[in-house]
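What follows is the residue order along each chain.
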Amino acid sequence: MMYEMTRAERSQYKRRQDAAHQAGEEAVTNLQPALALAEAIAPRAHALRYQR
């Protein structure tokens, strides 16, 4: 037998999903400038690490 969520549970689930999606979007937005800065500071560090 499958459990049916109540309207309140569905609403809460959707709010949590939306909040998680928003948090992910914000994390990506905050990470992009940090990665650009890291590349500007040490553009060859990644290449040198994997060149060996």
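Refer to the structure presented above.
The model shown is predicted, which means the values in this text are computed figures rather than measured ones. (Residues numbered from 1 in each chain as written. Predicted model: local features only at pLDDT ≥ 70, side-chain atom pairs only at ≥ 80, totals over all residues. Heavy atoms only, no water.)

A. Broad picture of the overall build of the protein chain. Check the secondary structure of the protein chain and you find 2 helices and 0 strands. By the burial criterion, 0% of the 52 residues in the protein chain qualify as buried. Roughly 5,200 Å² of accessible area belongs to the protein chain as shown, and the carbon and sulfur atoms make up 59% of that amount. (Helix = DSSP H or I, 4+ residues; strand = E, 2+ residues; numbered from the N terminus. Buried < 20%, exposed > 50% of the residue type's maximum accessible area, 1.4 Å probe, protein only. Areas by Shrake-Rupley, 256 points an atom, 1.4 Å probe, with all protein chains shown as cover.)

B. Broad picture of the pattern of salt bridges. This model, assessed by the stated rule, comprises 1 salt bridge. In this structure, Lys14 and Asp18 form a salt bridge, with 3.1 Å as the shortest nitrogen-oxygen distance. Pair noted here: Lys14 and Asp18 are both in helix H1 (residues 7-41), with a separation of 4 residues, about one helical turn. Overall, the relative accessible area of 42% leaves Asp18 in the partly exposed class. (Salt bridge = Lys/Arg side-chain N within 4 Å of Asp/Glu carboxyl O.)

C. Structural context of a nonpolar patch on the surface. A contiguous nonpolar patch, built from Tyr3, Met5 and Tyr13 and spanning about 350 Å² of accessible area, is present on the exposed surface. Tracing the sequence through the fold places Met5 in the segment before H1. The exposure class of Met5 is partly exposed, given its relative accessible area of 36%. (Patch = residues over 30% accessible without salt bridge, like charges linked within 9 Å, V, L, I, M, F, W, Y side chains within 5 Å.)

Shape descriptors only; they carry no functional weight alone.
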